[in-house]
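These are the residues of each chain, in order.
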Amino acid sequence: MKIIKIKKSFFVILPLIGFIMSGIEAKGTILNDSIPEKSSEFKKGIRFSPSMNFFDYGDLSFGQIASDYKFGAALGMVFDWKMSDYHRFRLEPYMEYQNINNNSINPDIEAITSFSNLIFGVDALPLVLTYGGKYKGTISAGGFAKYVLNSSQSTTLNGNSVNNFEVEINKLQYGFSFGAGAYLGKRLVELRFYQSLNDFVNSPVIPNSINQVQLILVY
């Protein structure tokens, strides 16, 4: 008799448990449907960036840029994460060919040292703000680090080549950057300014950090 009663109780309780579980599952489904899914988007592309490079001797002026600037270029990748509708994060590794001139000119002597650098660099842009529809305007801010893999230099004195003269350089460059541009569908165009925070040539007297302007083109 006890076995029969237990079986009857089991068959009564089992549908009841099933009914309760169905209610909990239905409630969970309603709650999940009411919570909006977080939108996530990841892009990657090829980055090409012509650049203009110049020394900052601590008295930056347009005349100094006009006399010192040299052109270069970089090629790399862009990894671009969408954090929200108005905020993105970008990581950009690249190889760069950087030209830079050091013009030391006084009334009697003209000394010019030219550097050609092969560089591996990484830009990290944690703050990328966007606005707009299909074509989005953007402003960005972050930092960069560059390491000189190879550097060659040449010096002229009053127009004549100087042999066996080389200055010591800091192979690591680092600093901050900021820019503005636009997302054109899957492409990106941005004008970005780089401010180095350390000297390129080891000099205890004259500050000589490298500043740079890059036109970032992403495909």
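Just so it is clear, the model here is predicted, and its values are computed rather than measured.

## Examining the pattern of salt bridges
Under the counting rule described, the total for this entry stands at 12 salt bridges. Among the ionic pairs, Lys43 bridges to Glu41, the shortest N-O distance being 3.7 Å. Assessed through its relative accessible area of 23%, Lys43 is described here as partly exposed. The partly exposed category is assigned to Glu41, whose relative accessible area is 32%. Salt-bridge contacts for Glu41 lead to Arg88; the nearest nitrogen and oxygen are separated by 3.8 Å. With Glu41 in strand 1 (residues 41–56) and Arg88 in strand 3 (residues 87–105), this residue pair connects regions lying 47 residues apart in the sequence. A residue is classified by how much of its surface remains accessible, and Arg88, at 6% relative accessible area, is buried. Each of Arg47, Arg90, Glu92, Asp123, Glu190 and Arg192 takes part in a single network of salt bridges with overlapping partners.

## Describing the environment of Arg90
Inspection of the secondary structure puts Arg90 in strand 3. Residue Arg90 is classed as buried on the basis of its relative accessible area of 0%. Through-space distance from the C-alpha of Arg90 to that of Asp123 is 8.0 Å; in sequence the pair is 33 residues apart. Side chain to side chain, Arg90 and Glu92 meet in a polar contact 3.1 Å long. Reaching out from Arg90, the side chain makes a polar contact with the side chain of Tyr183 at a distance of 3.0 Å.

## Thoughts on unusual backbone geometry
Positive phi is not limited to glycine here, since Asn158 has a value of about 50 degrees. Considering the arrangement of structural elements, one finds Asn158 in the loop between strand 5 (135–157) and strand 6 (160–162). For Asn164, which is not glycine, the phi dihedral falls at a positive 55 degrees. Checked against the element boundaries, Asn164 lands in the loop between strand 6 and strand 7 (172–184).

## Here's the deal with the packing of aromatic side chains
Here the structure, examined in full by the defined rule, presents 10 aromatic pairs. Relative to Trp81, the ring of Phe42 has its centre 5.2 Å away and its plane inclined at 45 degrees; by these criteria the two rings are tilted. Note that Phe42 is positioned in strand 1 and Trp81 in strand 2 (residues 70–82), a separation of 39 residues in sequence. Given a relative accessible area of 44%, Phe42 falls into the partly exposed group. For Trp81, a relative accessible area of 33% translates into the label partly exposed.

The rules behind each value
Residues numbered from 1 in each chain as written. Predicted model: local features only at pLDDT ≥ 70, side-chain atom pairs only at ≥ 80, totals over all residues. Heavy atoms only, no water. Salt bridge = Lys/Arg side-chain N within 4 Å of Asp/Glu carboxyl O. Buried < 20%, exposed > 50% of the residue type's maximum accessible area, 1.4 Å probe, protein only. Helix = DSSP H or I, 4+ residues; strand = E, 2+ residues; numbered from the N terminus. Polar contact = N/O pair within 3.5 Å; in protein donor to acceptor, adjacent residues only side chain to side chain. Phe/Tyr/Trp six-rings, centres within 6.5 Å; stacked < 30°, edge-to-face > 60°.

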